[in-house]
Amino acid sequence: MARRHKIVVTGATGTVGRQVVTQLMDAGIEVRALARDPESVVLPPGVQVMRGDLSEPDTLHAPMAGVEAVFLVWPFATAEGVSAVLDVVAEHTGRVVYLSSAAVRDHEQQVEHLIKRSGLEWTFLRPHVFAANTLRWTEQIRTEGIVRAPYGAAVMPPLHERDIAAVAVRALTGDGHAGAIYELTGPESLTQADQVRIIGEVIGRAVRWVETSPDTARQQMLAQGWPPAAVDGVLQAQSEMVTEPRPATSTVQEVTGAPARTFRTWVTDHASAFRDTMKAARIHQYGDAGIIRYEEVLRPVPEPDQVLIRVAAASYNPSDAALRSGFLQAVLPVDLPYTLGFDVSGTITETGSDVSSFTVGDRVVGRLDYGGASAEYVVAAAGTLVKAPTTIPLADAAAIPVAALTAWQALHEHAHPTAGQRVLINGAGGGVGVFAVQLAKHTGATVIATASGRSAAAVRTYGADQIIDYTRTPLADALDGQVDAVINLAAISPEAAAELVPLVRPGGIIVSIATPVDPPATAQVTAVHFVARNDIEQLAGIVELIDMGALTVGVTESHPLSDLALVHRKGEAGQTHGKITIIP
């Protein structure tokens, strides 16, 4: 496959678009994802999410500049506006791959016609029946083990979205696809009743088909908000497939060199949707990072005072590793198996009967004192959450609670720095240090920060006035006189902790969240060791500062939930810096 430098993907968060993004990234292609609201989009690390609205062609010039091809999903029910979009595309690139459909409805036919006239090199994808259409049965299967619908004898070849994306990637990045129209299907034709049977076999539960009338199905679909034309089109197509089964094509294999994935494979990939389960990172015993299991568990159900959150991200904190190792058993005993993760950001999908402060769809952030955030879903008491910032990506908000609350309390409840004072922040390159430097600077203090060479640039951007590379220069040698306060965020030896005392003027203070400091009485220095508490009023205030632009959230790395054990290993080996988010 010939590699291209840069590809734009529209519909990047959709069923097919998300797979196109992932497969392009896996192939080493630079991806730009188009979004009306980039801040609300969560995609794999490395994807450049840029603002662009297909209904406003002028917004497309920046994301299209310098790209080699465009994956086009047209989200509207008419072809109005397509010509203007194609004009912009043609200004910047020469190739478009359009996701049409096997039905080639009127507006899709018009879009195809306009693309042919545009002068662009084009490829059309016409997928037949999406295997993902069976997700409409999930609620019935979860609650009853039954699918009630018409036309159980309708025969069709369900298609995995990963295969559509695989063909799209070949057309976007390789040669020989210009002018091609690809009819895409799965490798086998199955009745709807057979599909239900296979779902049951994969999830290990008896699931059966119960035939209902088309009229009953029509009324149910209309009640769910389906447009009448769409309802009638679906039912008509299913009716035709009873007497005229849709045949399978070999196009996927011909284009990609690999056979299309079976429906059973698709169900296996999406089994949690039918099982009412989710993926979670859990420990069943205390020990090293190798004990973390990425496994399927039951999705939790909220109590009356709780909400269910679809997790956008959790974050890694050293306390996660300490709990996993068993070091916190005395202060934070937990029941095993236990789902890790104290920080969470996400979207509320269900509320308990007593919850009035939030509604379904609200974006929230919070600190979960009993963990559970390292999962696809988590329940949390409504009183422990606040609305998430609106000016940063929702996933990045997971970096806030533990670290920002710790920094806030260290400075504003214990150190109390004032304008003109000198504050030394020891360990400023860590997750808490990101916030501590900024909050100290906001008080008007002069901020001196210790950080390694790899963290120095970031710490400087957060406002540090002086940076000391502790790996090269002893603190006592680098400081020009004593400081008014030390904020120690580093797990240092008792000997190193004792060396902090002479750095502080008489009457000054040392605040430590890690190694305790015990100054001699003759030093006239106060020392405080504390563990940060959960405080939603403070958290709401921090969120407000972020939305005002007065506080920056820095995320240095993002990793998938399945790699949490790797993150723990890197953290314990001192190979991480800043805040790391964990994406389900």
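Bear in mind that the values here come from a model prediction, so they are computed numbers and not experimental data. (Residues numbered from 1 in each chain as written. Predicted model: local features only at pLDDT ≥ 70, side-chain atom pairs only at ≥ 80, totals over all residues. Heavy atoms only, no water.)

Engineer: Can you explain the overall build of the protein? Please cite residues and give values.
Structural biologist: When helices and strands are counted, the protein shows 20 helices and 27 strands. By principal-axis analysis of the C-alpha atoms, the protein measures approximately 95 × 55 × 40 Å. Taken across its 584 residues, the protein has 52% of its residues classed as buried. Look at the contacts in the protein between residues 6 or more apart in sequence, and 70% of them connect residues 24 or more apart. Separation of charge centres in the protein, based on 44 positive and 62 negative side chains, amounts to 4 Å. (Helix = DSSP H or I, 4+ residues; strand = E, 2+ residues; numbered from the N terminus. Buried < 20%, exposed > 50% of the residue type's maximum accessible area, 1.4 Å probe, protein only. Contact = heavy atoms within 4.5 Å. Lys, Arg positive; Asp, Glu negative; His and termini not counted. Charge placed at Lys NZ, Arg CZ, Asp CG, Glu CD.)

Engineer: How would you explain the nonpolar core if you had to name every residue and give the values?
Structural biologist: Grouped together as the largest cluster of nonpolar side chains are 54 residues, with contacts concentrated most on Val9, Val20, Leu24, Phe71 and Leu125. Looking at which element gives the most residues to this core, the answer is helix H6 (residues 161-173), with seven residues. Core analysis: the next-biggest nonpolar cluster, separate from the first, contains 47 residues, Val365, Ala397, Ala403 and Ala436 among them. (Core = buried A, V, L, I, M, F, W, Y, C linked by side-chain atoms within 4.5 Å.)

Engineer: Could you give an account of the pairing of strand S5 (residues 95-99), with specific residues and numbers?
Structural biologist: Counting buried residues along S5, five of its five residues qualify, which places the element largely inside the surrounding structure. As paired elements, strand S4 (residues 69-72) and S5 share three bridges and run parallel to each other. If you follow Phe71 over to S5, its bridge partner there is Val97. Inspection of the sheet shows S5 paired to strand S6 (residues 121-127) by five bridges, in the parallel sense. What sits directly across from Leu99, in S6, is Leu125. (Pairing = 2+ DSSP bridges.)

Engineer: Could you give an account of the sheet that holds strand S20 (residues 422-426), with specific residues and numbers?
Structural biologist: The strand order S22-S21-S20-S23-S24-S25 describes an open sheet built from six strands, whose pairing is parallel. At either margin of the open sheet sits one strand with a lone partner, and together these are strand S22 (466-468) and strand S25 (526-529). Going across the sheet, the axis of each strand differs from the next one's by a mean of 15°, ignoring polarity. Relative to S25, strand S24 (residues 504-512) runs parallel, the two sharing four bridges. Of the residues in S25, the one forming a bridge with Ile510 is Ala527. Its contacts with the sheet place helix H14 (residues 401-415) against strand S23 (483-488), S24 and S25, and it is angled at close to 140° to S24. Here helix H15 (residues 431-442) sits on the sheet in contact with S20 and strand S21 (446-450), set at roughly 165° to S21. (Axes fitted to C-alpha atoms, helices over the stretch in contact; angles between N-to-C directions.)

Engineer: Give me the lowdown on the side chain of Asn488, citing residues and values where you can.
Structural biologist: Within the secondary structure, Asn488 sits in strand S23. According to the relative accessible area criterion, Asn488 is buried, its value standing at 0%. Of note is the side chain of Asn488, whose polar atom sits 3.0 Å from the side chain of Ser512. (Polar contact = N/O pair within 3.5 Å; in protein donor to acceptor, adjacent residues only side chain to side chain.)

Engineer: Mind laying out the environment of Ala395, listing which residues take part and the relevant values?
Structural biologist: Mapped onto the elements, Ala395 comes out in the loop between strand S19 (385-387) and H14. Using a relative accessible area of 8% as the deciding quantity, one classes Ala395 as buried. Distance from Ala395 to Leu340, taken between C-alpha atoms, is 17 Å for residues 55 residues apart in sequence.

Engineer: Lay out the packing of helix H1 (residues 15-26) against H6 with the relevant residues and their values.
Structural biologist: For any two helices packed against each other, one specifies the crossing angle of their axes together with the interaxial distance. At a minimum axis separation of 8 Å, H1 and H6 run at an interaxial angle of 55°. Judged on the interaxial angle alone, H6 and H1 are oblique. Crossing handedness for the pair H1 and H6: right-handed. Contacts between H1 and H6 involve Thr15, Val16, Gln19, Val20, Gln23 and Leu24 on the former and, on the latter, Glu161, Arg162, Ile164, Ala165, Ala166, Ala168, Val169, Leu172 and Thr173. When the residues that make up the contact of H1 with H6 are grouped by side-chain class, the tally is nine nonpolar, four polar and two charged. (Parallel < 35°, antiparallel > 145°, perpendicular 65-115°, else oblique. Left-handed = near helix turned anticlockwise from the far one by under 90°. Nonpolar A, V, L, I, M, F, W, Y, C, P; charged D, E, K, R; others polar.)

Engineer: Kindly report on the pairing of strand S12 (residues 277-283), identifying the contributing residues and their values.
Structural biologist: The buried fraction of S12 amounts to six of the seven residues, a majority that puts the element mostly inside the structure. Alignment of S12 against strand S15 (residues 338-339), held across two bridges, turns out to be antiparallel. What sits directly across from Ile283, in S15, is Tyr338.

Engineer: How would you summarise unusual backbone geometry if you had to cite specific residues and measurements?
Structural biologist: Excluding glycine, residues mostly carry a negative phi; peptide bonds, for their part, are mostly trans. Omega for the bond connecting Leu336 with Pro337 falls within 30 degrees of zero, at -5°, which places this linkage in the cis form. Here Pro337 lies in the loop between helix H13 (318-325) and S15.

Engineer: Account for the packing of helix H8 (residues 214-223) against helix H9 (residues 228-243), with residues named and values stated.
Structural biologist: Running from N to C, H8 and H9 cross one another at 145°; their axes reach a closest spacing of 10 Å. The interaxial crossing formed by H8 with H9 has right-handed handedness. Along its contact with H8, which presents Pro214, Ala217, Arg218, Met221 and Leu222, the element H9 presents Pro228, Val231, Asp232, Val234 and Leu235. Partitioned by chemical class, the residues of the contact of H8 with H9 number eight nonpolar, no polar and two charged.

Engineer: Describe the sheet that holds S4, and please don't skip the residues or the numbers.
Structural biologist: Adjacent strands of a sheet form backbone hydrogen bonds with each other and so pair up, either parallel or antiparallel. In space, the seven strands of this open sheet follow the order S3-S2-S1-S4-S5-S6-S9, with parallel pairing throughout. Bordering the open sheet on either side are strand S3 (48-51) and strand S9 (180-184), each of which pairs with just one other strand. Each strand axis lies, on average, 20° off the axis of its neighbour in the sheet, ignoring direction. Of the strands in this sheet, strand S1 (6-9), strand S2 (30-35), S4 and S5 touch H1, which is tilted by about 165° from S1.

Engineer: Requested: an account of the pattern of salt bridges, with residues and values cited.
Structural biologist: For the structure on display, the rule yields 26 salt bridges. The salt bridge involving Glu144 is made with Arg148; its shortest N-O contact spans 2.7 Å. Under the relative-accessibility criterion, Arg148 is labelled partly exposed at 35%. Glu201 is the partner of Arg197 in a salt bridge, and the nearest nitrogen-oxygen pair spans 3.0 Å. Residue Arg197 and its partner Glu201 are both found in helix H7 (residues 192-203); the two are separated by four residues, about one turn of the helix. Looking at Arg197, the relative accessible area reads 37%, which means it is partly exposed. (Salt bridge = Lys/Arg side-chain N within 4 Å of Asp/Glu carboxyl O.)

Engineer: A description of H14 should follow, citing residues and the corresponding values.
Structural biologist: An ideal rise of 1.5 Å per residue puts 21 Å on 15 residues; H14 measures up with 20 Å between its terminal C-alpha atoms. Counted residue by residue, H14 has eleven buried out of 15 residues, so it is predominantly covered. Residues of H14 that are buried: Pro401, Val402, Ala403, Ala404, Leu405, Thr406, Ala407, Gln409, Ala410, Leu411 and Ala415. Positive phi appears at His416, one or two residues downstream of H14, with a value of about 50°. (Expected span 1.5 Å × (residues − 1).)

Engineer: Explain the packing of aromatic side chains to me, using residue names and the numbers behind them.
Structural biologist: As enumerated under the stated definition, the model contains six aromatic pairs in all. With a centroid separation of 5.0 Å and 75° between ring planes, the pair formed by Trp74 and Phe76 is classed as edge-to-face. Under the relative-accessibility criterion, Trp74 is labelled buried at 8%. Seen from their ring centres, Trp122 and Phe124 are 4.2 Å apart, and the 20° between their planes marks the pair as stacked. When its relative accessible area of 0% is taken as the criterion, Phe124 is described as buried. Put simply, the rings of Tyr98, Trp122 and Phe124 touch in pairs and so form one group of aromatic residues. Over the ring of Tyr294 we find Lys279, and its NZ or CZ is 5.5 Å from the ring centre. Residue placement shows Arg299 over the ring face of Tyr377; its charged tip is 4.3 Å from the ring centre. (Phe/Tyr/Trp six-rings, centres within 6.5 Å; stacked < 30°, edge-to-face > 60°. Lys NZ or Arg CZ within 6 Å of the ring centre and 35° of its normal.)

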